[in-house]
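Structure at a glance
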Amino acid sequence: MSTEFDPAAYLARNLRQCTDGIDEIARLVSEDANRRECDDPDTAFLLPGSVANLMAAVQQLAGQASTICDDMQELADSRRR
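Residues numbered from 1 in each chain as written. Predicted model: local features only at pLDDT ≥ 70, side-chain atom pairs only at ≥ 80, totals over all residues. Heavy atoms only, no water.

Digging into the nonpolar core
Listed in full, the 10 residues of the largest apolar core are Leu11, Cys18, Ile25, Leu46, Leu54, Val58, Leu61, Ala65, Ile68 and Leu75. Every element with two or more residues in this core is listed here: helix 1 (7–37) and helix 2 (48–80). No other element matches the six residues that helix 2 contributes to this core. Not counting residues up to four positions away in its chain, the partners in contact with Ala65 are Leu15 and Cys18. (Core = buried A, V, L, I, M, F, W, Y, C linked by side-chain atoms within 4.5 Å. Buried < 20%, exposed > 50% of the residue type's maximum accessible area, 1.4 Å probe, protein only. Helix = DSSP H or I, 4+ residues; strand = E, 2+ residues; numbered from the N terminus. Contact = heavy atoms within 4.5 Å.)

Spelled out as structure tokens, the structure:
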């Protein structure tokens, strides 16, 4: 079993976690919107403040994903040298 640190795998794993988080938030917002649009809007579960918090989380995750992409580019550039 190799315990060698692989920066590319580390960055890819972190990027996957960011995109999974964004996907899950989108799923929650979509489910809430579907409930509001159907005949039973009382089953909606997101409050206006919750939506604002979720959108802030999406922005934070998108920022982290952008930073990871920059780090991946730096790694690729350093491997070419």
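Let's pick the thread back up.
A closer look at helix 2
Over its 33 residues, helix 2 runs 48 Å from end to end, which matches the ideal 48 Å to within 8%, given 1.5 Å per residue. Every buried residue of helix 2 is listed here: Leu54, Val58, Leu61, Ala65, Ile68 and Leu75. Close packing links the buried residues of helix 2 with helix 1. (Expected span 1.5 Å × (residues − 1).)

Describing the packing of aromatic side chains
Tallied over the entire structure, the rule returns one aromatic pair. Where Phe5 meets Tyr10, the ring centres are 5.7 Å apart and the plane angle is 55 degrees; that geometry is what we call tilted. Judged by relative accessible area, which is 56%, Phe5 ranks as exposed. Residue class for Tyr10 comes out partly exposed when judged on its relative accessible area of 38%. (Phe/Tyr/Trp six-rings, centres within 6.5 Å; stacked < 30°, edge-to-face > 60°.)

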